[in-house]
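# Results of the structural survey
One-letter residues, chain by chain:
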Amino acid sequence: MENMPKVAVLYVNNAETTYNDEVDGVVLGNLEKCINDDKYIYINGEPYIEKLNKVGIVDITTAERADIVDAFEGEDVDYVVFIEVQPFIARDKVTFFTVGKDITTTVPLKIIDLVNGKYLYNGKFTEKASDSTMIGGIGNKSVAMKALNKINEQITSVLTVRLPEEKPVAVVAGKK
């Protein structure tokens, strides 16, 4: 247990939907599968989000790496995984025979090595999902969840490759 890296997950849902609970379940469920008990100690990042808010960082996606590292100063945490679900962009599409929806979703992902204060990954995923029907209407939820599931697959592949399964070792810069 003590050799397992501790990973704090900072999760923010800014999707602003009527089905936020389902969005949370899909994203957090995937994170818990990726950051599982066999390899990592999963730490809920809520207290750290509050800590960042208190120092004036309300939108964590705009936070500097150093600010996030400072928020964990003195804590026994090895890595931070930051993930945010941004508001969905929905567009209705109508053709002669069908009615449909396009929903685009964007999810930034950051992985930070707190011991060395370095990014292991800093990027964002954007996916568009579509659905259409000849009769009736299509709800946003089913299309949005399609897009989120595509993003979850990408997050899984990044976490598998980029999140080390061992505790970080502090790297000392060599003198020239």
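The shown structure was predicted, so the numbers you read here are calculated from the model rather than taken from an experiment. (Residues numbered from 1 in each chain as written. Predicted model: local features only at pLDDT ≥ 70, side-chain atom pairs only at ≥ 80, totals over all residues. Heavy atoms only, no water.)

## Considering the confidence of the model for the protein
Residue-level pLDDT values for the protein average 89, and 95% of them are 70 or greater. Mean pLDDT values for the elements of the protein range from 85 in strand β4 (residues 89–94) up to 95 in helix α1 (residues 20–34). (pLDDT = per-residue confidence, 0-100. Helix = DSSP H or I, 4+ residues; strand = E, 2+ residues; numbered from the N terminus.)

## Description of α1
With 15 residues, α1 should reach 21 Å at 1.5 Å per residue; the first-to-last C-alpha distance of 21 Å fits that figure. Taken residue by residue, α1 has V23, V27, N30, L31 and C34 as its buried positions. What you see down the axis of α1 is that its buried residues fit within an arc of 100°, all on one side. Opposite the packed face of α1, turned more than 90 degrees from it, sit the exposed residues D21 and K33. Against the buried residues of α1 lie β1 (6–13), β2 (41–44), β3 (79–85) and α4 (140–162). (Expected span 1.5 Å × (residues − 1). Buried < 20%, exposed > 50% of the residue type's maximum accessible area, 1.4 Å probe, protein only. Arc of directions from axis to C-beta. Contact = heavy atoms within 4.5 Å.)

## Some remarks on helix α2 (residues 46–54)
For an α-helix, 3.6 residues make a turn, and residues three or four places apart therefore share a direction. Considered for burial, the residues of α2 that qualify are Y48, I49 and L52. Buried residues in α2, looked at end-on, bunch into an arc of 105°, giving them a common side. Looking at the buried side of α2, the elements it contacts are β1, β2 and α3 (65–71).

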